[in-house]
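As a plain string of letters, each chain reads:
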Amino acid sequence: MRVVLLPSVRHGASAFGPRVDFIETARILGGEILYPPGGRGAWARLEAATSLDFRQAFAAWRMPRETLFLSLSEKVALPLALLDRHRRPHLLIAHHLSSPRKRTLQRQTGVLSRFSRIVVLSGEQHRYLENEARVPPERIVRWHHHADTLFWRPAEPETVTEAVPVAARPEEGRPYLVAVGKERRDYATLMTALEKMPEYRCILVAGSAWTGDRTGPLRVPPNVERRGAIDWGTLRELYRGATAAVVPLEAGTRYAAGSTALLEAMAVGRPTIVTETPGIADYTIAAQTVPAGDADALASVLRTLLTDPEATARLERAGRAWVTEHASLDRYVASLTELVTSEVRRSMF
């Protein structure tokens, strides 16, 4: 049976970056990858407006009947499932099925019943599928998201100084924090906390405009330095050089937003602070949590980590160990490969 993987981003493998989950999975399975076409025009504008990859779904729909699909997100999976009258084997790696628009689509079409298996990355999404969407439990698989622990790893002790670029090092021994990502981030609370800590700096790496939230523009204190898109190696050294990483999230986020940055920082061995949200709860056993929207609590925790070497060391050891055991890319790819293989066997009999 032909195995086709459907990612929602064009992401090539790099010798100087982390391995890519779907590329590793395709290599092991001998599968092929069908990327979304990108480009401009009316279709591209429609896809951007709806967050659905119609053209990629249509190209997959035209493939032979003896094909198993592995969709890496809802963007391609939902339109393909609605198109596919043949009901070919279709596995979905789901991220945020409980969003309002997807809930409505499920109520109107029952589209989630068309998937052979749905892999969810948080307990909150698992509960939605079972309790509201009424997906049979045997069709739901719950895993952690992942980090490539071969790439995201601590620096060797004797090479730390040489490995950290000058631009990433603390100024004259001045500690710095690092915050990475943009999805469902509550940077307003982080900025308020940092205003209370002018003696520390924070390097913030967010790949899109983040200078506004739902209530208006952010006030950015002078001890915050913003970085745009940077290469993988530079990002790893920023993590390595930081005293701590912080992942501030919007209150009530019900999917695993922030898990990528959280796992990367923990894998590198950085003590990590993360906002308590329902969607990230599966990932915080080896991180320090703070209440959502509480700048005073966040500042207090940050000060503790920046001044308490023992607390810092405990989180460093616990974070790396937890990611290695529960959320490594190798573990994820092995589980995904076995899931696809078992579905191929089941579909052939």
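Only a predicted model underlies this, so the values are computations on that prediction, with no experimental measurement involved.

Caption draft 1: Spotlight on the packing of aromatic side chains. Tallying each qualifying case throughout the model produces eight aromatic pairs. With centroids separated by 6.1 Å and ring planes inclined at 55°, the aromatic side chains of Trp43 and Phe54 adopt a geometry described as tilted. You can see Trp43 sitting in helix α2 (residues 42-50) and its partner Phe54 sitting in helix α3 (residues 54-61), a full eleven residues away along the chain. For the ring pair Tyr283 and Trp322, a centre distance of 6.4 Å and an interplane angle of 65° mean the geometry is edge-to-face. Residue Tyr283 is found in the loop between β13 (272-275) and β14 (288-290), and its partner Trp322 is found in helix α12 (residues 309-326); the two are separated by 39 residues along the sequence. Looking at Tyr283, the relative accessible area reads 0%, which means it is buried. What links up through ring pairs into an aromatic cluster is the set Phe151, Trp152, Trp232 and Tyr239. One Lys or Arg, Arg236, reaches over the ring of Phe151 and ends 4.2 Å from the middle of that ring.

Caption draft 2: Spotlight on the sheet that holds strand β11 (residues 224-227). One open sheet accounts for six strands, arranged β11-β8-β7-β12-β13-β14; its pairing is parallel. What marks the edges here is a single partner per strand, and that holds for β11 and β14. Adjacent strand axes in the sheet meet at a mean angle of 25°, parallel and antiparallel pairs treated alike. Pairing between strand β7 (residues 176-180) and strand β12 (residues 244-247): two bridges, direction parallel. Of the residues in β12, the one forming a bridge with Leu177 is Ala244. Packed onto the sheet, helix α10 (residues 259-268) meets β7, β12 and β13 and runs at close to 160° relative to β13.

Reading the values: rules and limits
- Residues numbered from 1 in each chain as written.
- Predicted model: local features only at pLDDT ≥ 70, side-chain atom pairs only at ≥ 80, totals over all residues.
- Heavy atoms only, no water.
- Phe/Tyr/Trp six-rings, centres within 6.5 Å; stacked < 30°, edge-to-face > 60°.
- Helix = DSSP H or I, 4+ residues; strand = E, 2+ residues; numbered from the N terminus.
- Buried < 20%, exposed > 50% of the residue type's maximum accessible area, 1.4 Å probe, protein only.
- Lys NZ or Arg CZ within 6 Å of the ring centre and 35° of its normal.
- Pairing = 2+ DSSP bridges.
- Axes fitted to C-alpha atoms, helices over the stretch in contact; angles between N-to-C directions.
- Contact = heavy atoms within 4.5 Å.

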